[in-house]
Amino acid sequence: MASSNALFLFPETKSSVLPDPSRFFSPDLLSNPLPTNSFFQNFTLKNGDQAEYFHPYLIKSVDSSLCISYPSLFHNSDFFYEVFTADIIISGSNGPGPRSRKTHIISSFSDLVVTLDFPSSNLRFFLRKPVYNFSVSGNSITISTSHGVRSLSSSSSTKWSDKLTNNQRWLIYASSPIDLTKHGDSSIHCRGGFTGIVRITVLPGSNPAFEILDHYKSSREYFLSKLNSSCCDLHVIRSFGGISTGCTNSSVTVLDHFRYKSIDGDLVGVVGDSWVLKPDSVSVTWHSMKGVKKDSYKEIISALGKDVNGLNSSAEVTSSSYFYGKLIARAARFALIAEEVCYLDVIPKIVTYLKNMIEPWLDGSFKPNGFLYDPKWGGLITKQGSKDSQADFGFGIYNDHHYHIGYFLYAIAVLAKFDPLWGERYRAQAYSLLADFMTFGRKDDNNSNSSYPRLRNFDLFKLHSWAGGLTEFWDGRNQESTSEAVNAYYSAALLGLAYGDKHLVETASTIMTLEIHAAKMWWQVKKGEALYPKDFTAENRVVGVLWSTKRDSSLWFGPKEWKELFVKQLVNWTLPALQRNGVGEGWKGFLYALESLYDKDGAIKKIKRLNMYDDGNSLSNLLWWVHSRD
């Protein structure tokens, strides 16, 4: 995949709203692009003391100590979330430090691992995602709890068992002999000092068989395969809907009884050297998969003529990067629909419109707004977003990047398809936009784009994207609009098609496929399934906002009643909401498109009665959708 240095394509900015990464990242990391939607993001914001979810634990860094919770679940029909309780607190020998003291420094990180250093207590924590235990190194350790220590026992000088008054049992493994003693009702002290690594894990139940952990106390976890070794590790994995999984080693054991609870479903133990995911791939094409029925061409062409006639690049236009992106993507849809129904006469006008609309954002001549490069975190922000953290829906603090840029990439890909010379002229800008959320390598990798962090939005454990950016939230990261996330990677794949970039097509379509599977698994709520609590499942067919540690029926832009947007079950569940005050016709268009899957004639009648469409939608697009489905 081609790379381009954003510093030479978009002006550099000194944003007044971005947080300072030097508060928590070690100095040697600051010269590299930094993650803005990572699994440890809360550790980098404000006081760095909000919890992050390391399945199955919630972990906080507070007062020079690490607080660990094996959480319980609160739930009702509107939402459910993981409840943090400080089950285990690990600190230096003097206990938690004063609040004024800097709590931690991030000294290294990768896709699934982060290292937290506590200079004041000489402790280092190795946190892996997911974890069934924690590694900590230091010369003096105190373990305390918000409950009480009922008993402390050891079977050897390197293994201890800590039973709490809430009936949790935690195992403590040490790399060398350690002398622990109960101190008061709620803490354990290390006598005589200790140098080495301590690993701590909760047992998920009372079954003695769970102490199979003894066999893997020195092994690495999920996705951290050992090289040149025939020994197998214990992995804690999830099941994925629509994705076949398997281990590359034939001697695999699934420990079905060994399960940890999590908000995303049970984590199941698997013994094996590595784990392979094989998603059922989704093809990427310019047009509909099965084609538009020819007897519908006339109807679609009639709508296209009106929609294309309304394109006017000289008209007053929004300065919002989000709504501007939807506007140009909407026009690009007209070109592809026209090509599919053989209405080629309108394509030149669409191409001219797209050039006039896109170029000002790529060459910096759009005065109200534009893309800038932020060297502090390493990424694109907007002029408006560099001064106002709320502008462009938080794009200036790295919120919704894949949404906004996805729309721009869609329009650019379509324009480059119809005008390859234009595409070559702006290829560097197109790939720089792409790299903001689709960089695969790191700075020290060969051929890596060093201006941006690796996969800004996509989570290589959860296998879906997050949208929240550099905003601290009690419930961690979040994503609402899975469809726009899918569109981002679909648009990236189309860009690859336009430029003949096979690698980009393959990687973007793979991520898009994973995003689709994740949306089906975690955002769609299906009757009769046991993934989510019964009271929530009974009242909801979709999740409004999915958080790291919470599932919410409400939305960012409206009350929970507006979210009702599968097919018959989903449509019937949603129809009453269309009569409520404030529900615009733009939402009705999407619902009627779903309804057309089982009642085509009825849906078309409703679509034709619409007077307005979502700003990224149109009558042409809805008719194309209806007539290209089975």
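Along each chain, numbering runs from 1 in the same order as the chain's sequence is written. Local features in this predicted model are restricted to residues whose pLDDT is 70 or higher, and side-chain atom pairs enter the listing and the counts only when it is 80 or higher, whereas totals over whole chains, interfaces and linings include all residues. To obtain the side-chain values, all non-hydrogen atoms of the structure were used and water was disregarded.

K.L.:
Explain the overall build of the protein here, please?
P.N.:
Along the protein, the regular secondary structure elements total 13 helices and 29 strands. Using a 1.4 Å probe on the protein chains alone, a residue whose accessible area is under 20% of its type maximum counts as buried, one over 50% counts as exposed, and one in between counts as partly exposed. Buried positions account for 58% of the 630 residues belonging to the protein. Only the protein chains shown count as cover for residues, with accessible areas throughout obtained via the Shrake-Rupley method and a probe of 1.4 Å. Summed over its atoms, the accessible surface of the protein is roughly 25500 Å², and 51% of this surface lies on carbon and sulfur atoms. A run of H or I in DSSP counts as a helix once it spans at least four residues, and a run of E counts as a strand once it spans at least two, with each numbered from the N terminus.

K.L.:
Sorry, what's going on with unusual backbone geometry here?
P.N.:
With an omega dihedral of 5°, the bond running from His-55 to Pro-56 counts as a cis peptide bond. Of note, Pro-56 is situated in the loop between strand 1 (52–54) and strand 2 (57–62). For Asn-122, which is not glycine, the phi dihedral falls at a positive 60°. Among the secondary structure elements, Asn-122 is positioned in the loop between strand 8 (113–118) and strand 9 (123–128). You will see that Tyr-398, though not glycine, has its phi angle at about 70°, which is positive. By the secondary structure assignment, Tyr-398 is in the loop between strand 24 (379–382) and helix 4 (401–418).

K.L.:
Any chance you could explain the sheet that holds strand 11 (residues 142–144) here in plain terms?
P.N.:
In a beta sheet, neighbouring strands pair by backbone hydrogen bonds and run either parallel or antiparallel. Any two strands between which DSSP finds at least two bridges are classified as paired. Ordered in space as 1-2-3-6-11-16-15, the seven strands form an open sheet in which the pairing is antiparallel. In this open sheet, the two edge strands, each paired with only one partner strand, are strand 1 and strand 15 (180–183). Shown here is a sheet whose adjacent strand axes are inclined to one another by a mean of 25°, direction ignored. In this structure, strand 15 lies alongside strand 16 (residues 187–190), joined through four bridges in antiparallel fashion. Paired with Lys-182 across the two strands is Ile-188, which belongs to strand 16. In this analysis, axes come from line fits to C-alpha atoms, helices being fitted only over the stretch in contact, and the angle between any two N-to-C directions falls in the range 0 to 180 degrees.

K.L.:
Even after reading the chapter, I still don't get the nonpolar core, so can you show me in this structure?
P.N.:
The nonpolar side chains of soluble globular proteins are, as a tendency, buried together. Among buried residues, those of type Ala, Val, Leu, Ile, Met, Phe, Trp, Tyr and Cys that are joined through side-chain atoms within 4.5 Å constitute a nonpolar core. Counting residues in hydrophobic clusters, the biggest one holds 79 residues, and the most contacted among them are Leu-354, Ile-358, Leu-433, Met-438 and Leu-495. Here, residues are in contact when the closest pair of their heavy atoms is within 4.5 Å. Beyond its immediate sequence surroundings of up to four residues, Leu-433 is in contact with Phe-10, Leu-362, Phe-371, Leu-380, Ile-405, Leu-409 and Ile-412. Of all hydrophobic cores here, the second largest spans 57 residues; its members include Ile-59, Trp-170, Phe-258 and Ile-381.

K.L.:
Would you take a moment to explain the packing of aromatic side chains for this structure?
P.N.:
The geometry of an aromatic ring pair is captured by two quantities: the separation of the ring centres and the angle between the planes. A pair of Phe, Tyr and Trp rings is counted when the ring centres sit within 6.5 Å of each other, with Trp represented by its six-membered ring. The angle between the planes then sorts it: under 30 degrees is stacked, over 60 is edge-to-face, the rest tilted. Overall, the coordinates contain 38 aromatic pairs when judged by the stated rule. Their ring planes at 25° and their centres at 5.2 Å tell us that Trp-361 and Phe-366 sit as a pair that is stacked. Considered together, Trp-361 and Phe-366 belong to a single accessibility category, that of buried residues. Joined through ring pairs, the aromatic side chains of Phe-10, Tyr-324, Trp-361, Phe-366, Phe-371, Phe-395 and Phe-408 make up one cluster. Counting as a charge over the ring demands two things of the Lys NZ or Arg CZ atom: a distance within 6 Å of the ring centre and an angle within 35 degrees of the ring normal. Above the face of the Trp-624 ring, Arg-333 is positioned so that its terminal group lies 4.5 Å from the ring centre. The ring of Trp-522 carries Lys-462 above its face, with NZ or CZ at 4.5 Å from the centroid.

K.L.:
So what exactly am I meant to see when it comes to the pattern of salt bridges here?
P.N.:
Where side chains of opposite charge bring their charged atoms close, a pairing between them can arise. Basic side-chain nitrogens of Lys or Arg form a salt bridge, by our definition, when they fall within 4 Å of a carboxyl oxygen of Asp or Glu. Throughout the structure, instances matching the rule amount to 19 salt bridges. Across the pair Asp-307 and Arg-330 runs a salt bridge, and its minimum N-O distance is 3.9 Å. Here Arg-330 lies in helix 2 (residues 321–340) and Asp-307 lies in helix 1 (residues 297–309), a separation of 23 residues in the sequence. Overall, Asp-307 belongs to the buried group, its relative accessible area being 14%.

K.L.:
How should the packing of helix 2 against helix 13 (residues 619–627) be read in this particular structure?
P.N.:
Relative orientation and spacing of two packed helices are given, respectively, by the angle between their axes and the distance between those axes. Put simply, helix 2 and helix 13 touch, their axes get as near as 10 Å, and they point 45° apart. Regarding the angle of helix 2 to helix 13, the classification is oblique. Every pair of crossing elements has a handedness; the one defined by helix 2 and helix 13 is left-handed. On helix 13, the residues that touch Arg-333, Phe-334, Ile-337 and Glu-340 of helix 2 are Ser-620, Asn-621 and Trp-624. Class assignment of the residues belonging to the contact of helix 2 with helix 13 gives a composition of three nonpolar, two polar and two charged. Our angle categories are set so that under 35 degrees counts as roughly parallel, over 145 as roughly antiparallel, 65 to 115 as roughly perpendicular, and the remainder as oblique. By definition, any crossing whose near helix is turned counterclockwise from its far helix by less than a right angle is left-handed, and any crossing with a clockwise turn is right-handed. When residues are grouped by polarity, Ala, Val, Leu, Ile, Met, Phe, Trp, Tyr, Cys and Pro land in nonpolar, Asp, Glu, Lys and Arg in charged, and all others, Gly among them, in polar.

K.L.:
I keep staring at the environment of Ser-175 and nothing clicks. Help me out?
P.N.:
As for its placement among the helices and strands, Ser-175 is situated in the loop between strand 14 (169–174) and strand 15. If sequence neighbours within four positions are ignored, Ser-175 has contacts with Phe-194, Gly-196 and Ile-197.

K.L.:
Explanation requested: the packing of helix 12 (residues 600–608) against helix 13 in the structure shown.
P.N.:
At their nearest, the axes of helix 12 and helix 13 sit 11 Å apart, and the two run at 180° to each other. Relative to helix 13, the element helix 12 is oriented roughly antiparallel. Facing Lys-600, Ile-604 and Ile-607 of helix 12, the residues of helix 13 in contact are Leu-619, Leu-622, Val-626 and His-627. Taken together, the residues of the contact of helix 12 with helix 13 sort by class into five nonpolar, one polar and one charged.

K.L.:
In this structure, what is going on with the sheet that holds strand 4 (residues 72–75)? I would like to understand it.
P.N.:
Across the sheet, five strands lie side by side as 4-5-29-28-27; this open sheet has antiparallel pairing. Each having just a single partner strand, strand 4 and strand 27 (478–479) make up the two edges of the open sheet. Taken together, the two bridges between strand 27 and strand 28 (residues 545–547) define a ladder with antiparallel strand orientation. Along strand 28, the bridge assignment pairs Asn-478 with Trp-547.

K.L.:
Is there a simple way to explain the pairing of strand 9 in this structure?
P.N.:
Judged from the six bridges that link them, strand 8 and strand 9 form a sheet pairing that is antiparallel. The residue of strand 9 that forms the bridge with Phe-118 is Leu-123. Connecting the antiparallel pair strand 8 and strand 9 is a turn made up of four residues, with Asn-122 showing a positive phi of about 60°.

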